[in-house]
Amino acid sequence: MAGFDKVVPSLNEAMAGIENGMTIIAGGFGLCGIPENLIAEIQRVGTHSLTVVSNNCGVDDFGLGLLLKNQQIKKIIASYVGENRTFEQQMIAGTIDVELTPQGTLAEKMRAGGAGIPAFFTATGYGTAVGEGKEIREYNGKNYILEEAITGDFAIVKAWKGDRYGNLVYRHTAQNFNPMAATAGRITVAEVEEIVEPGELDPTQIHTPGIYVDRLIQGNAEKRIEQRLTRTA
Amino acid sequence: MPLTREQMARRVAQELKDGSYVNLGIGIPTLVANCVPDNMDVMFQSENGLLGVGPYPTEEEVDADMINAGKATVTAIAGSSIVSSADSFAMIRGGHIDLTVLGAFQVDVMGNIASYMIPGKKVKGMGGAMDLVAGANNIFVTMTHASASGQSKLLAECTLPLTGVGCIKKIVTDLAYLEIQDKKFILRERAADTSIDEIIALTEGELIVPEVVKVMDV
């Protein structure tokens, strides 16, 4: 049993082995489904010159925005940075290297990275700055560009429940990039709201099988809401 | 009088079909969701992985794990499904979405669209827009006809970084509904109280004005 037990007792052990200059793939969309405790741990450790792969980069004072503010990020591969002023300032000032990547391409790059597919052709980005310098091939009269897969030294993801074997279930739209990110890390660390025993999760409902997860830790999530819009009942 | 944002949304909503899957961008496109005719079922897709977007939650229903692509709290309708980003974009990139509505900074007569970046000024990122324009067969762009300073957004050639090439055929502005054919804008409908001369003056790219130009019914 212990052989498959992925649970680690501390955040320190969850992120053990992280070094300056590494590539970190993070799940999450906006502030939804982000591994907030693992990000805070990277901030605490102070590792720098990181390449971060994530759809967004948090907000100025939360999520990956913390690492940005702390100048721990050398390069970011993301699709949307609209809500983060620190990001926008560092990008315009040229102090951070940014690879703006279409959202679907980013998801596919992670998926391909985890599935052992080194590159794939996609129509997305053809004829735009994204396609510059990339191989072009025509299929059935339509042009496609060659996009390369992404893998990371670490992948950090956030799930709702995880069993000790690392099987993960995500909750609602907090799933987003997490399943792909989980497959693409050399070391994948999952932060979950609740750890359960093997057998408690229905096998047919598992989003990420434990084979992809190396370390599992329970973290208390603040789950900040970026845009709280409501209707009157 | 130019159209209001709501009127532009209503014009796009006239294109909705019963049983269609629709992706709405941020801004004016979002308003289309409020204009679905009562006798019609339309399912809205949000590219962060929600197929079947519902209304905003009540105060009690607010859930940090349930957001739309604009990062705002939402609900899911009965019969919705929630998937990963890769699966969500497979729907988009695989051409499974029936109608896509998105905003833009510029569109040109080649059907090129610029919507994600003003160099040195506004850095936002393309989000899912490049995937949407490359994967969708039926795209509506909604935008004002000209910028606040009176610069045409309907150009002979886009000057801003492109989101996609040769993919736009239909545009609803605050002045008109136009189509793109053979590297020309074609004026199909005009807003009531907007003259054709006004539209010609604010359209930089070549514009064809047919003999009959309908007044938009919004």
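No experiment lies behind these values; they were computed from the predicted model shown.

### Concerning the layout of surface pockets
Quantified by volume, the second largest pocket comes out at close to 370 Å³. Of all the secondary-structure elements, those providing two or more residues to the lining of the second largest pocket are strand 7 (142-148) of chain A together with helix 3 (129-135) of chain B. With four residues, the single largest contributor to the lining of the second largest pocket is helix 3 of chain B. For the lining of the second largest pocket, the residue count by class is nine nonpolar, eight polar and four charged.

### Quick look at the sheet that holds strand 5 (residues 119-122) of chain A
Residue and element names in this part refer to chain A. Reading across the sheet, the three strands line up as 5-7-6 and stay open at both edges, with antiparallel pairing between neighbours. Here the strands that pair on one side only, and so sit at the sheet edges, are strand 5 and strand 6 (136-139). With strand direction ignored, the average angle separating the axes of adjacent strands in the sheet is 35 degrees. Pairing geometry for strand 5 and strand 7, over four bridges, is antiparallel. Counted as the bridge partner of Phe-120 is Glu-147 from strand 7. Here helix 5 (residues 103-115) sits on the sheet in contact with strand 5 and strand 7, set at roughly 150 degrees to strand 5.

### A look at the interface of chain A and chain B
Counting from both sides, the interface comprises 51 residues of chain A and, opposite them, 47 residues of chain B. Of the roughly 4000 Å² buried where chain A meets chain B, counting both sides, 60% is carbon and sulfur surface. Among the residues chain A hides against chain B, the three largest losses belong to Phe29(A), Thr173(A) and Arg231(A). Together they make up 16% of the total. Summed over the shared surface of chain A and chain B, the number is five salt bridges. The salt bridge involving Asp65(B) is made with Arg171(A); its shortest N-O contact spans 2.7 Å. Our count for the contact surface shared by chain A and chain B stands at 28 residue pairs in polar contact (both at pLDDT 80 or more). Of all elements in the fold, only helix 4 (85-93), helix 5, strand 5 and helix 6 (178-183) of chain A reach the threshold of two or more residues within the side of chain A that touches chain B.

### Some thoughts on the packing of helix 5 of chain A against helix 2 (residues 85-93) of chain B
Orientation of helix 5 of chain A relative to helix 2 of chain B, taken along the N-to-C sense of each, is 125 degrees, at an axis distance of 9 Å. Classified by the angle their axes make, helix 5 of chain A and helix 2 of chain B are oblique. For the pair helix 5 of chain A and helix 2 of chain B, the sense of crossing is left-handed. Across from Gln103(A), Gly104(A), Thr105(A), Ala107(A), Glu108(A) and Arg111(A) in helix 5 of chain A, the residues of helix 2 of chain B making contact are Ser85(B), Ala86(B), Phe89(B) and Arg93(B). Grouping the amino acids of the contact of helix 5 of chain A with helix 2 of chain B by side-chain chemistry returns three nonpolar, four polar and three charged.

### A short note on the nonpolar core
Residues and elements named next belong to chain A. In terms of nonpolar packing, the biggest core is built from 41 residues, with Ile-76 and Ile-156 touching the most fellow members. With residues up to four places along the chain from it excluded, the contact list for Ile-76 reads Val-52, Cys-57, Phe-87, Ile-96, Asp-97, Val-98 and Glu-99. Core analysis: the second largest hydrophobic core is formed by 27 residues, Ile-77, Ile-150, Ala-181 and Val-213 among them.

### Description of helix 2 of chain B
What sets the pattern is the α-helix's 3.6 residues per turn: residues three or four places apart point alike. When helix 2 of chain B is considered as a whole, its buried residues turn out to be Ser85(B), Ala86(B), Ser88(B), Phe89(B), Met91(B) and Ile92(B). Next to the buried residues of helix 2 of chain B lie helix 5 and helix 6 of chain A together with strand 1 (20-24), strand 2 (42-46), strand 3 (50-53) and helix 3 of chain B. Immediately downstream of helix 2 of chain B, the backbone of Gly95(B) shows phi near 75 degrees, a positive value.

### A word on the state of the cysteines
By the definition in use, this model includes zero disulfides over all chains. Left without a disulfide partner, Cys158(B) is nearest to the cysteine sulfur of Cys167(B), which lies 9.5 Å away.

### Describing the sheet that holds strand 7 (residues 113-114) of chain B
All names here are of chain B. Strand order in the open sheet formed by three strands is 7-6-11, with mixed pairing between adjacent strands. Single-partner strands in this sheet number two, and they are strand 7 and strand 11 (154-155). Pairing analysis gives two bridges linking strand 6 (residues 106-108) to strand 7, with the strands arranged antiparallel. Directly across from Val-107, in strand 7, lies its bridge partner Ile-113.

### Section: the confidence of the model for chain B
Per-residue pLDDT for chain B has a mean of 95; in total, 100% of the residues score no lower than 70. Taken together, the chains of this predicted complex give a pTM of 0.95 and an interface ipTM of 0.96.

### Focus on the environment of Ser115(B)
Residues and elements named next belong to chain B. Take Ser-115: it is sitting in the loop between strand 7 and strand 8 (117-118). Considering only alpha carbons, one finds Ser-115 and Val-213, 98 residues apart in sequence, at a separation of 28 Å. Excluding residues within four positions of it along the chain, Ser-115 makes contact with Gly-103, Ala-104, Phe-105, Ala-129, Pro-161 and Thr-163. At a separation of 2.8 Å, a polar atom in the side chain of Ser-115 contacts the side chain of Thr-163.

### With respect to helix 1 (residues 5-13) of chain B
Residues Met8(B), Ala9(B), Arg11(B), Val12(B) and Ala13(B) constitute the buried set of helix 1 of chain B. Here the buried face of helix 1 of chain B lies against strand 5 (99-103), strand 10 (139-142), strand 12 (170-172), strand 13 (176-181) and strand 14 (184-190) of chain B.

### Topic: unusual backbone geometry
Glycine aside, residues mostly have negative phi angles, and peptide bonds mostly take the trans form. Residue and element names in this part refer to chain B. One non-glycine residue, Lys-183, lies in the positive phi region at around 60 degrees. Counting through the fold element by element, Lys-183 comes out in the loop between strand 13 and strand 14. For Lys-183, a relative accessible area of 56% puts it in the exposed group. At Asp-193, a residue that is not glycine, the phi angle is positive and equals roughly 70 degrees.

### Considering the pairing of strand 3 (residues 73-78) of chain A
All names here are of chain A. Bridge count for strand 2 (residues 50-53) against strand 3 is four bridges, and the pairing is parallel. Looking at strand 3, one finds that Val-52 is bridged to Ile-76. Alignment of strand 3 against strand 4 (residues 97-100), held across four bridges, turns out to be parallel. Across the sheet, the residue bridging to Ile-77 is Glu-99, located in strand 4. For the segment spanning strand 3, helix 4 and strand 4, crossover handedness is right-handed.

Quick notes on the rules
- Residues numbered from 1 in each chain as written.
- Chains lettered and ligands numbered in written order.
- Predicted model: local features only at pLDDT ≥ 70, side-chain atom pairs only at ≥ 80, totals over all residues.
- Heavy atoms only, no water.
- 1 Å grid on protein atoms, 1.4 Å probe; cavity = no way out; pocket = protein on both sides within 12 Å on 5 of 7 lines; lining within 4 Å.
- Points joined across faces, edges and corners; volume = space filled by probe spheres on them.
- Helix = DSSP H or I, 4+ residues; strand = E, 2+ residues; numbered from the N terminus.
- Nonpolar A, V, L, I, M, F, W, Y, C, P; charged D, E, K, R; others polar.
- Pairing = 2+ DSSP bridges.
- Axes fitted to C-alpha atoms, helices over the stretch in contact; angles between N-to-C directions.
- Contact = heavy atoms within 4.5 Å.
- Buried area = accessible area lost by both parts, 1.4 Å probe.
- Salt bridge = Lys/Arg side-chain N within 4 Å of Asp/Glu carboxyl O.
- Polar contact = N/O pair within 3.5 Å; in protein donor to acceptor, adjacent residues only side chain to side chain.
- Parallel < 35°, antiparallel > 145°, perpendicular 65-115°, else oblique.
- Left-handed = near helix turned anticlockwise from the far one by under 90°.
- Core = buried A, V, L, I, M, F, W, Y, C linked by side-chain atoms within 4.5 Å.
- Buried < 20%, exposed > 50% of the residue type's maximum accessible area, 1.4 Å probe, protein only.
- Disulfide = S-S within 2.5 Å.
- pLDDT = per-residue confidence, 0-100.
- Right-handed = clockwise from strand over helix to strand, strands pointing away.

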